[in-house]
Amino acid sequence: MAYKIGVWSENGMKIMFSSNSKNLNGGKVDDLDPTYLRWQAHRRGMLELDQVLGGFFDVHYVSLSPDMQASFRDLLAVSDQTLFNWFFKHADADPEFHALIEQIKKHAGIQPPPTAG
């Protein structure tokens, strides 16, 4: 059974992805396939990460530059515990992800830790 997933982009366009997308590379998963990327962003091991990454993907992914899209795809390969620390425990993210992490935090409304003073 095939179904379609509708995603509203930031500029108001509705983008449709089909669940019966066929892989043309011998059955291997295409890591550029928006349906697969959306699944990865929404199906983490922690609900908090599902909401943060999935919400960001749904709203911003299509409008990111190609370099930032590549960075987001690479970010999806990072372990859930590491991502959780970067987003919620304010651990220092790898420099290659710093700008993207800050953009995702801003979208999700994650506040910086209070400064001592």
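Residues numbered from 1 in each chain as written. Predicted model: local features only at pLDDT ≥ 70, side-chain atom pairs only at ≥ 80, totals over all residues. Heavy atoms only, no water.

Of the positions making up helix α4 (residues 80–88), those classed as buried are Asp80, Leu83, Phe84, Trp86 and Phe87. Relative to the axis of α4, the buried residues are bounded by an arc of 165° and lie together on one face. The inward-facing, buried residues of α4 contact α2 (47–60), α3 (66–75) and α5 (98–108). His90 lies just past α4 and shows a positive phi near 60°. (Buried < 20%, exposed > 50% of the residue type's maximum accessible area, 1.4 Å probe, protein only. Helix = DSSP H or I, 4+ residues; strand = E, 2+ residues; numbered from the N terminus. Arc of directions from axis to C-beta. Contact = heavy atoms within 4.5 Å.)

This part is about α5. Among all positions of α5, only Leu100, Ile101, Ile104 and Lys105 are buried. Buried residues of α5 fall within an arc of 135° about the axis and therefore sit on the same side. Opposite the buried face of α5, at more than 90 degrees from it, the exposed residues are Ala99 and Lys106. In this structure, the buried residues of α5 make contact with α2, α3 and α4. After α5 finishes, the residue Gly109 shows a positive phi value of roughly 75°.

The next point concerns the confidence of the model for the chain. Mean pLDDT for the chain: 81, with 72% of residues reaching 70 or above. Ranking the elements of the chain by mean pLDDT puts strand β2 (residues 14–18) last with 47 and α2 first with 97. Confidence drops under pLDDT 50 across residues 1–5; counting only partners more than four residues distant or on other chains, this segment forms 14 contacts. Contacts of residues 13–28 to residues separated by more than four positions or lying in other chains number 32 contacts, the stretch itself having pLDDT below 50. (pLDDT = per-residue confidence, 0-100.)

In this structure the tally under the stated criterion is eight aromatic pairs. Seen from their ring centres, Tyr36 and Trp39 are 6.2 Å apart, and the 20° between their planes marks the pair as stacked. Remark: Trp39 and Tyr36 occur in helix α1 (residues 34–42); sequence separation between them is three residues, near one turn of the helix. For Tyr36, a relative accessible area of 25% translates into the label partly exposed. (Phe/Tyr/Trp six-rings, centres within 6.5 Å; stacked < 30°, edge-to-face > 60°.)

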